Amino acid sequence: MEKQFIVHAGTHKTASTYIQERLWVNRKILYGHGLRLLKPRRTKTGQFTELARFLKEQDYPAIEDELGRPSSDDQHVVVSAEQFTQPLLNSACVDGLQELLEGFGYRLKIVIFLRDQPDYINSLYVQEVRRFYHSRDLPSFTKRCRMRRAHWFDYDKMFSYLLDHESIQVNFLPYGSGFGDPFLNLINCFELNLPEGVGWVAGNSGKSNDQPGVKGVWLALKVCKRMQEIGVNLKLLQNQSKYIRKYSIPRGWSDVRFFGMRPKKVRKIRKFYKDGNDRFARRVWGKDSWSDVYPDLRPQVFNVLDESVITDDEMKEMEYNAEQVFLDIKINNPLAFPPFSEGVSD
């Protein structure tokens, strides 16, 4: 069988880090069944962010150096990074990569996971809030997505070039809690003829569920608003992800997931993308509509931190946590804080 060069390209917020970790810890098993994982520079997670950057820049000599010379065996190859998504939307990048891989004797195959848009927007919101990118509420963030980021969520338009490309195999896999383990779903589309009962090494399930929960979102918004009030340059903050995780992970806050859209808003978003989604479902999966692929589209329960129902002690603890997060950020990012600002010494 022709050798495949498989690119797992996300999309964003579809458990890519979890998938990369499981690919890496199972690399010996995969190799034994005909699939070689290129050695990534970031071996702790198995990410290929540098290779994705080279592709975006169309630096094909650098990609060739990363790939090395063709091996004498007939191994398929897999690389994984959500950063591949953007360059794979560029026709020149796709055609250039395909031509390069053909010279190595590989057929390009692309695997992309997709979320239902309301779930995707909510997840992006949590991600940006957790990293202190802004302190918008979810309704204004959703409006901004529709006005300025509509191309992020219109899959029919976004992937039109890949859909029209007859010589490249593209697998679009639905992502969500009802679709099972994304790592196994990825493996199943590799066409490796694996035997029954492969003893896959388990991964860290927490990597596929890094939402900080309703308390983590509240905490991040509280701290971000305070920093904005005193003029902190949020763009200069470094290692933003660690500050909320320091409190959310040991306390198990992710068990109470944040979902900030009421049913009416969810229906409005789905209606906005319905025509494109249905066209995509017919073209990609041979289904009549998007809801045939995502059958369980009942609105998630609206769930944000309601300060009126938590105890005084809980509120005191949350306020204390907010103060500690603020101090941690200030200590580790002095250049982001203006002189003479609140809580900052001369």
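Refer to the preceding data block for the structure.
Residues numbered from 1 in each chain as written. Predicted model: local features only at pLDDT ≥ 70, side-chain atom pairs only at ≥ 80, totals over all residues. Heavy atoms only, no water.

Caption draft 1: Main features of the side chain of Thr11. When you line up the elements, Thr11 lands in the loop between β1 (3–8) and α1 (16–25). Judged by relative accessible area, which is 5%, Thr11 ranks as buried. Look past the residues within four positions of Thr11 in its chain and what remains in contact with it is Ser16, Glu82, Thr85, Ile112, Phe113, Leu114, Tyr120 and Phe159. (Helix = DSSP H or I, 4+ residues; strand = E, 2+ residues; numbered from the N terminus. Buried < 20%, exposed > 50% of the residue type's maximum accessible area, 1.4 Å probe, protein only. Contact = heavy atoms within 4.5 Å.)

Caption draft 2: Structural view of the pairing of strand β3 (residues 76–80). Burial analysis of β3 places 5 of its 5 residues in the buried class, which makes it a mostly covered element. Every second residue of β3 is oriented toward a common face, with His76, Val78 and Ser80 on one face and Val77 and Val79 on the other, all of them buried. Across 3 bridges, strand β2 (residues 35–37) lies against β3 in parallel orientation. Its bridge partner being in β3, Leu35 is matched across the sheet by His76. (Pairing = 2+ DSSP bridges.)

Caption draft 3: Examining the sheet that holds strand β5 (residues 169–174) more closely. Strand order in the open sheet formed by 5 strands is β2-β3-β1-β4-β5, with parallel pairing between adjacent strands. This sheet does not close on itself; its edge strands, each paired only once, are β2 and β5. Adjacent strand axes in the sheet meet at a mean angle of 25° when their direction is disregarded. Two elements, β1 and β3, share 4 bridges in a ladder whose sense is parallel. (Axes fitted to C-alpha atoms, helices over the stretch in contact; angles between N-to-C directions.)

Caption draft 4: Structural view of the pairing of β5. Within β5, 5 of the 6 residues are buried, leaving the element largely enclosed by the surrounding structure. Where strand β4 (residues 106–114) and β5 come together, 6 bridges link them in parallel fashion. By the bridge assignment, Leu114 is partnered in β5 with Pro174.

Caption draft 5: Highlighting the side chain of His134. Within the fold, His134 resides in the loop between α6 (117–130) and α7 (138–148). Owing to a relative accessible area of 5%, His134 belongs among the buried residues under this scheme. A polar side-chain atom of His134 sits 2.9 Å from a polar atom in the side chain of Glu128. A polar contact of 3.2 Å, which involves the side chain of His134, links it to the backbone nitrogen of Arg136. The contacts of His134, once residues within four sequence positions are left out, are Tyr125, Glu128, Val129, Phe141, Leu221, Cys224 and Gln228. (Polar contact = N/O pair within 3.5 Å; in protein donor to acceptor, adjacent residues only side chain to side chain.)

Caption draft 6: Summary view of the pattern of salt bridges. Inspection of the entire model under this criterion finds 15 salt bridges. Here Arg107 and Glu2 are joined by a salt bridge, their closest N and O atoms 3.5 Å apart. You can see Arg107 sitting in strand β4 and its partner Glu2 sitting in the segment before β1, a full 105 residues away along the chain. With a shortest N-O distance of 2.6 Å, Arg226 and Glu323 are connected by a salt bridge. Separated by 97 residues along the polypeptide, Arg226 in helix α12 (residues 213–229) and Glu323 in helix α16 (residues 312–332) bring together distant segments of the chain. What makes Glu323 partly exposed here is its relative accessible area of 30%. (Salt bridge = Lys/Arg side-chain N within 4 Å of Asp/Glu carboxyl O.)

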